[in-house]
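Analysis of the macromolecular model
Listed below are the residues making up each chain.
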Amino acid sequence: MSRLVERVVHGLRVVIDRDQCVGFGDCVKDAPEGFKLDEDSIAAFVEPEAVERERLLRACDACPVDAITVWDETGRQIVPSRVGI
Ligand code: SF4
């Protein structure tokens, strides 16, 4: 069974690969309204729509193992970016 979870937020598709997540919590630190660590110390969604778009993107991009990917309205992958930060 896939452990991908996703939400559409601000027109963006945000995907957490829970198999990839190692529980460092960088995403939670940057956007605690949006993400939490669950009882297994794996990232899960809280209320990502409560986080402004730019900060949400930063939080997603902060993941050291690229467990979070973000796709824009046109289907282009914009996180992880690795450029322009
Ligand atoms: S930053 Fe990445 S590895 Fe860390 S908790 Fe979030 S999704 Fe998991």
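As shown above, the structure is provided for reference.
Notes on the structure follow. Note that the coordinates shown come from a computational prediction; the quantities given were computed from them, not determined experimentally.

As for the overall build of the protein chain
A count of helices and strands for the protein chain gives 2 helices and 6 strands. Secondary structure elements in the protein chain, listed N-terminal to C-terminal, are β-β-α-β-β-α-β-β. Relative to its length of 85 residues, the protein chain is compact, with a C-alpha radius of gyration of 12 Å against a globular reference of 12 Å. Oriented by its inertia axes, the alpha-carbon framework of the protein chain measures out at about 35 × 25 × 25 Å. With 85 residues in all, the protein chain has 25% of them scored as buried. Within the protein chain, residue pairs in contact and separated by at least 24 positions form 45% of the contacts whose partners lie at least 6 positions apart.

Considering the nonpolar core
Counting 17 residues, the largest nonpolar core has Cys27, Ala59, Cys60 and Ile68 as its most contacted members. With 4 residues, helix H2 (residues 53-61) is the single largest residue contributor to this core.

So, the pairing of strand E2 (residues 12-17)
Each regular strand carries side chains that alternate between the two faces of the sheet. In this sheet, E2 lies alongside strand E1 (residues 4-9) in antiparallel orientation, the contact comprising 6 bridges. Residue pairing for E2: Arg7 is matched across the bridge by Val14. Count of turn residues in the E1/E2 antiparallel hairpin: 2 residues, of which His10 carries a positive phi of about 50°. In the sheet, E2 pairs with strand E5 (residues 68-71) via 4 bridges, with the strands oriented antiparallel. The residue of E5 that forms the bridge with Arg13 is Trp71.

Observations concerning the site of the ligand
The full set close to the ligand counts 14 residues, and Cys21, Phe24, Cys27, Ala43 and Cys63 are the nearest of them. Its residues assigned to classes, the shell around the ligand comprises 11 nonpolar, 2 polar and 1 charged.

Concerning H2
What sets the pattern is the α-helix's 3.6 residues per turn: residues three or four places apart point alike. Among the residues of H2, Leu56, Leu57, Ala59, Cys60 and Asp61 are the ones counted as buried. Looking at the buried positions of H2, the neighbouring elements they touch are E1, E2, helix H1 (26-30), strand E3 (35-37), E5 and strand E6 (77-79).

Concerning the pairing of E5
Note that E5 and E6 share 2 bridges and pair antiparallel. Residue pairing in the sheet places Val70 in a bridge with Val79 of E6. Linking two consecutive strands that pair antiparallel, namely E5 and E6, is a turn of 5 residues; a positive phi of about 90° is found at Gly75 within it.

Thresholds, definitions, all that
- Residues numbered from 1 in each chain as written.
- Predicted model: local features only at pLDDT ≥ 70, side-chain atom pairs only at ≥ 80, totals over all residues.
- Helix = DSSP H or I, 4+ residues; strand = E, 2+ residues; numbered from the N terminus.
- Rg over C-alpha atoms; globule rule 2.2 N^0.38 Å.
- Buried ≥ 20, exposed ≤ 12 C-beta atoms within 10 Å, placed from the backbone.
- Contact = placed C-beta atoms within 7 Å.
- Core = buried A, V, L, I, M, F, W, Y, C linked by C-beta atoms within 7 Å.
- Pairing = 2+ DSSP bridges.
- Near = placed C-beta within 6 Å.
- Nonpolar A, V, L, I, M, F, W, Y, C, P; charged D, E, K, R; others polar.

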